[in-house]
Amino acid sequence: MNRFENRPGSAPLLIVRGLKKAYSRRSNLWSRHVEAVQAISGVDLEVARGSTLAVVGQSGSGKSTLATCIAQLEQPDAGEIWFDGTALATLKPAQLGAYRRRIQLIFQDSAQALNPRMRVNEIIAEPLEIARAGNKSGRHSTVAKVMEMVALSPDLGKRSALQLSGGQRQRVAIARAMVLNPELLIFDEAFSGLDLIVQEEIIGLLHSLQAARGLTYIIIAHDFGFSCQIASHMAVMNEGKIVEQGETRQIVTNPMAPQTKVLLASIPRFPRHIATAGGQV
Ligand SMILES: Nc1ncnc2c1ncn2[C@@H]1O[C@H](COP(=O)(O)OP(=O)(O)OP(=O)(O)O)[C@@H](O)[C@H]1O
Ligand SMILES: [Mg+2]
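**Thoughts on the site of ligand 1**
Close contacts around ligand 1 come from 13 residues, with Ser-59, Gly-60, Lys-63, Ser-64 and Thr-65 the closest. Within the backbone of Gly-60, an N or O atom sits 2.7 Å from an oxygen atom of ligand 1. Side-chain polar atom of Ser-64 to an oxygen atom of ligand 1: 2.9 Å apart, as the coordinates give it. If ligand 1 stood free it would expose 630 Å²; the protein chains cover 67% of that surface. Where the shell around ligand 1 is concerned, the elements lending two or more residues are strand 1 (14-26), strand 2 (34-47) and helix 1 (63-70). Among the elements that make up the shell around ligand 1, the one with the highest residue count is helix 1 (3 residues). Its residues placed into classes, the shell around ligand 1 shows 3 nonpolar, 8 polar and 2 charged.

Below, the structure written as structure tokens:
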């Protein structure tokens, strides 16, 4: 537990209750028949302040749908999302904007999607401009602070995103998400394209940001071993439902759901130390 993490009895930062989301899709390209796909079907989740939750599960189990609903990029069909004690569905659009800034979602493609015609400084400043936060010099100093926070040297600010390495681009994507001072960051396969050393550097960076600022993370990753190493808590999804959730240590040493057992077995040689090291980020 870090110094920001929920003390026993204090309220979680995020509570999700009975969340459901269905999509409609054609059964094939030529068909007129539209079928409903229940992407998530009754998800209950709690995320403690200052903790790291890994959401794991097979492809198509609903992880990204859950993330986009929590980040308010999709409207759920049913259920409730409580953030910092407020039910988001009760907020008026103007109030919702402020909450949206407190929850940032970073995709695998966020780094690739950076506008190549803009300089790094402008890319990072853009969310501040859209939010009309502060004046020009205030925004300038916020960008400089955030770049320092994610260990991007100031001279990279004048480059285009095309002139950066993959790891640097990912730091720019994180800086862009950090600039509005969020409390919850959701990473959806955000580290998949990076080589192991860069992945470790970024994880180290997230760890120190969490220790310094009490950030809360939800990390979606295909690599189960990686998730076990970085997350204090874990939720295992299957067919739109959470089949098991709890502390990583507990889940790894005593898995209950068959899907968790399958995921554990998928790690070729599961190092013993991981079982006791859950919660590094
Ligand atoms: N926009 C959409 N329109 C139609 N169906 C969708 C849409 N988004 C997701 N789905 C469907 O909802 C289900 C859950 O998808 P989701 O992307 O949430 O899974 P996931 O666990 O993130 O998978 P992956 O690990 O492959 O990223 C899948 O059956 C998917 O095909
Ligand atoms: Mg996904």
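Having put the structure on the table, let's press on.
**A look at unusual backbone geometry**
One non-glycine residue with positive phi stands out, namely Asp-84, at about 50 degrees. Its location among the elements puts Asp-84 in the loop between strand 4 (78-83) and strand 5 (86-87). Backbone geometry places Glu-189, a non-glycine residue, at a positive phi of 55 degrees. Under the relative-accessibility criterion, Glu-189 is labelled buried at 10%.

**A short note on the side chain of Gln-72**
As for its position among the elements, Gln-72 is in the loop between helix 1 and strand 4. In this structure Gln-72 comes out as buried when scored by relative accessible area, which is 9%. Not counting residues up to four positions away in its chain, the partners in contact with Gln-72 are Ile-81, Leu-88, Leu-96 and Arg-100.

**Regarding the sheet that holds strand 8 (residues 216-220)**
Hydrogen bonds between backbone atoms are what pair the strands of a sheet, whose relative direction is either parallel or antiparallel. Spatial ordering of the open sheet is given by 6-7-8-3-9-10, a layout of 6 strands whose pairing is mixed. Whereas interior strands pair on both sides, the edge strands pair on one side only; in this sheet they are strand 6 (103-107) and strand 10 (241-247). Here the strands of the sheet are splayed against their neighbours by 15 degrees on average, with no regard to which way each runs. Sheet topology note: the strand 3 (residues 52-57)/strand 9 (residues 233-238) ladder contains 5 bridges and is parallel. Bridge pairing in strand 9 places Val-55 opposite Ala-235. Contacts from helix 2 (residues 93-102) reach strand 6 and strand 7 (184-188) within the one sheet, and its direction differs from that of strand 6 by about 50 degrees. Of the strands in this sheet, strand 3, strand 9 and strand 10 touch helix 9 (residues 258-265), which is tilted by about 110 degrees from strand 9.

**What to know about helix 3 (residues 120-130)**
For helix 3, every residue scored as buried is listed here: Val-120, Ile-123, Ile-124, Ala-125, Pro-127 and Leu-128. Contact partners of the buried residues in helix 3: helix 4 (136-149) and helix 5 (166-178). Two residues or fewer after helix 3 comes Arg-132, characterised by a positive phi angle close to 50 degrees.

**Some thoughts on the side chain of Gln-104**
Structurally, Gln-104 can be placed in strand 6. Judged by its relative accessible area of 16%, Gln-104 falls in the buried class. Setting aside its immediate chain neighbours within four residues, Gln-104 contacts Ala-177, Leu-180, Pro-182, Leu-184, Leu-185 and Ile-186.

**Here's the deal with the sheet that holds strand 1**
Across the sheet, 4 strands lie side by side as 2-1-4-5; this open sheet has antiparallel pairing. At either margin of the open sheet sits one strand with a lone partner, and together these are strand 2 and strand 5. Where strand 4 lies against strand 5, 2 bridges are found, and the strand directions are antiparallel. By the bridge assignment, Phe-83 is partnered in strand 5 with Thr-86.

**Remarks on the nonpolar core**
Phe-187 and Phe-191 are the most contacted members of the largest nonpolar core, which has 52 residues in total. Looking at this core, the element that brings in the most residues is helix 6 (residues 196-213), giving 6 residues. Every residue in contact with Phe-191, bar those within four places of it in the chain, is listed here: Gln-199, Ile-202, Ile-203, Leu-206, Ile-219 and Phe-226.

**Considerations on the pattern of salt bridges**
Under the counting rule described, the total for this entry stands at 9 salt bridges. In this structure, Arg-17 and Glu-46 form a salt bridge, with 2.6 Å as the shortest nitrogen-oxygen distance. Here the residue Arg-17 occupies a position in strand 1, and Glu-46 occupies one in strand 2, the gap between them amounting to 29 residues. Judged by relative accessible area, which is 35%, Arg-17 ranks as partly exposed.

**Digging into helix 9**
Of the residues making up helix 9, those classed as buried are Thr-260, Leu-263 and Leu-264. Projection of helix 9 onto a plane perpendicular to its axis shows the buried side chains occupying an angular sector of 100 degrees, all on one side. In helix 9, the exposed positions angled more than 90 degrees off the buried face are occupied by Pro-258, Val-262 and Ala-265. On the buried face of helix 9, the contacting elements are strand 3, helix 7 (224-230), strand 9, strand 10 and helix 8 (248-253).

Reading guide: rules and limits
Residues numbered from 1 in each chain as written. Chains lettered and ligands numbered in written order. Predicted model: local features only at pLDDT ≥ 70, side-chain atom pairs only at ≥ 80, totals over all residues. Heavy atoms only, no water. Near = heavy atom within 4 Å. Polar contact = N/O pair within 3.5 Å; in protein donor to acceptor, adjacent residues only side chain to side chain. Areas by Shrake-Rupley, 256 points an atom, 1.4 Å probe, with all protein chains shown as cover. Helix = DSSP H or I, 4+ residues; strand = E, 2+ residues; numbered from the N terminus. Nonpolar A, V, L, I, M, F, W, Y, C, P; charged D, E, K, R; others polar. Buried < 20%, exposed > 50% of the residue type's maximum accessible area, 1.4 Å probe, protein only. Contact = heavy atoms within 4.5 Å. Pairing = 2+ DSSP bridges. Axes fitted to C-alpha atoms, helices over the stretch in contact; angles between N-to-C directions. Core = buried A, V, L, I, M, F, W, Y, C linked by side-chain atoms within 4.5 Å. Salt bridge = Lys/Arg side-chain N within 4 Å of Asp/Glu carboxyl O. Arc of directions from axis to C-beta.

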